[in-house]
Amino acid sequence: MVWKNILVETEDNLALVIINRPKLLNALDTETLGELDEAMTELAVNPAIRVIILTGAGDKAFVAGADIKFMQSLDPLQARDFARHGQQVFSRIENLPKPVIAAVNGFALGGGCELAMACDIRVASENAKFGQPEVNLGLMAGFGGTQRLTRLVNPGIAKEILFTADQYDAQAALRIGLVNHVVPSGELIDFCKKMAGRIAAKGPVAVRLSKEAVNEGLEMDMEKAFIHEADLFALTFTTADHAEGIEAFLNKRKPAFKGN
Ligand code: HXC
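Parameters at a glance
Residues numbered from 1 in each chain as written. Predicted model: local features only at pLDDT ≥ 70, side-chain atom pairs only at ≥ 80, totals over all residues. Heavy atoms only, no water. Near = heavy atom within 4 Å. Polar contact = N/O pair within 3.5 Å; in protein donor to acceptor, adjacent residues only side chain to side chain. Areas by Shrake-Rupley, 256 points an atom, 1.4 Å probe, with all protein chains shown as cover. Helix = DSSP H or I, 4+ residues; strand = E, 2+ residues; numbered from the N terminus. Nonpolar A, V, L, I, M, F, W, Y, C, P; charged D, E, K, R; others polar. Buried < 20%, exposed > 50% of the residue type's maximum accessible area, 1.4 Å probe, protein only. Lys, Arg positive; Asp, Glu negative; His and termini not counted. Salt bridge = Lys/Arg side-chain N within 4 Å of Asp/Glu carboxyl O. Contact = heavy atoms within 4.5 Å. Core = buried A, V, L, I, M, F, W, Y, C linked by side-chain atoms within 4.5 Å. Pairing = 2+ DSSP bridges. Axes fitted to C-alpha atoms, helices over the stretch in contact; angles between N-to-C directions. Parallel < 35°, antiparallel > 145°, perpendicular 65-115°, else oblique. Expected span 1.5 Å × (residues − 1). Arc of directions from axis to C-beta.

Glancing now at the site of the ligand. Surveying the vicinity of the ligand reveals 22 residues, the closest of which are Lys60, Ala64, Ala66, Ile68 and Gly111. Contact between the ligand and lysine 23: an oxygen atom at 3.3 Å from a main-chain N or O atom of the residue. Contact distances for the ligand include 2.8 Å between an oxygen atom and a backbone N or O atom of glycine 111. In the complex, the protein chains occlude 63% of the 1,000 Å² of accessible area that the ligand would expose alone. Among the secondary structure elements, those contributing two or more residues to the shell around the ligand are helix H2 (68-72), strand E6 (107-109) and helix H4 (111-118). Partitioning the shell around the ligand into residue classes produces 13 nonpolar, 4 polar and 5 charged.

Turning next to the side chain of glutamate 35. Positionally, glutamate 35 belongs in helix H1 (residues 30-45). For the buried glutamate 35, no salt bridge is present, and the opposite-charge side chain at shortest range is lysine 4, 6.3 Å distant. Within the structure, glutamate 35 has its side chain in polar contact with the backbone nitrogen of asparagine 5 (distance 2.6 Å). Other than its neighbours up to four places away in sequence, glutamate 35 contacts Trp3, Lys4, Asn5 and Ile6.

Within the largest apolar cluster, 50 residues are counted, with the highest numbers of intra-cluster contacts made by Leu36, Leu54 and Phe130. Here this core gets 6 residues from one element, more than from any other, and that element is H1. If near-sequence neighbours (up to four positions away) are discounted, leucine 54 is found in contact with Val17, Ile19, Leu36, Met40, Phe62, Val100, Ile101, Ala102, Ala103, Leu115 and Cys119. Listed in part, the 18 residues of the second largest apolar core include Ala103, Leu188, Met195 and Ala200.

Strands sit in the order E1-E2-E3-E5-E7-E10 across an open sheet of 6 strands; the sheet is mixed. Single-partner strands in this sheet number two, and they are strand E1 (6-11) and strand E10 (181-183). Neighbouring strand axes in the sheet, compared pairwise and without regard to direction, differ in orientation by 20° on average. Where strand E3 (residues 51-56) meets strand E5 (residues 100-104), 3 bridges bridge the pair, whose relative direction is parallel. From the neighbouring strand, leucine 54 faces E5, where its bridge partner is alanine 102.

To describe two helices that pack against each other, one gives the angle between their axes and the distance between the axes. One can describe the packing of helix H3 (residues 76-94) onto H4 by two numbers: an axis separation of 8 Å at closest approach and a directional angle of 30°. Taken together, the axis directions place H3 and H4 in an arrangement best described as roughly parallel. From H3, Phe90, Ile93 and Glu94 reach across to H4, where they touch Gly111, Glu114, Leu115 and Ala118. Looking at the contact of H3 with H4, its residues break down into 4 nonpolar, 1 polar and 2 charged.

Another aspect to go through is helix H10 (residues 222-236). With 15 residues, H10 extends 21 Å from end C-alpha to end C-alpha; this agrees with the ideal 21 Å at 1.5 Å per step. Those residues of H10 that fall on the buried side of the exposure criterion are Ala225, His228, Leu232 and Thr236. Seen end-on, H10 carries its buried residues on one side only, within an arc spanning 95°. Away from the buried face of H10 by more than 90 degrees, exposed residues Glu223 and Phe233 are located. Lining the buried residues of H10 we find helix H9 (204-217) and helix H11 (240-250). Two or three places before glutamate 223, at the start of H10, stands the capping residue aspartate 221, its side-chain oxygen 3.2 Å from that residue's backbone nitrogen.

See the structure below:
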């Protein structure tokens, strides 16, 4: 499928999803959110794809936030619908049955930072800048940022980011745990593809259930989360991949996982 504001490139088991509004630093309006949702949903059910990398077009921005011009025309109820739409799209990305790596190639501000936080893993280029500048506009974060930021970094740091609108460079983002790695700008996509390739070589069901155990476990008390983990662990024993993985180890060969 071809979208107006989203590009999808596939290579082996990997898909690269590019938010493609570079003149507006890839700002998100309703149409772009809808297209992103459709693209991700298609990739989720595409059996050839095991890992998704999400990035922004150009070398300046991942996503510079929600589209400010678009938001100017919204009344309060439309603003609420817009926030809910973004929250729902981002939650679907967060819970996609495949890993999603954010390749943060520049500004990740407001809704852009919130989108990066909905991904499983964040890798930043050296020129990346993070922040929640909504209060500069008399607004607040509305695509899940108040919650995801608080869970990802500690609540005091989250509040400082939300209250001051300060921008954090890639190294500062690494220090507070907002990103996993910082790499030179020219190496960002390659680095993410290599990581995605390592993940794609593992048992896909095992990776999927690991993601589910982490995400769902965060919403449970510890003992329930352990039981849930054990149930998902048991589920891996129903797969051909688990037999393949164990047999390959015992025969000192590389496993060939098929995703079933
Ligand atoms: C619409 C945007 C935009 C945005 C940039 N542009 N960010 N348009 N929405 N979020 C546009 C600019 O208007 C400009 O268009 C072009 O992109 C290039 O941007 P410049 O400002 O000229 O670039 P630069 O001087 O390098 O500054 C980069 C920047 C700045 C620091 C990222 O653009 C900026 O502060 N942008 C806004 C960031 C922001 O406040 N994000 C949060 C939005 S609120 P023209 O036509 O002039 O070339 C939000 C809420 C989420 O995200 C929750 C909603 C429910």
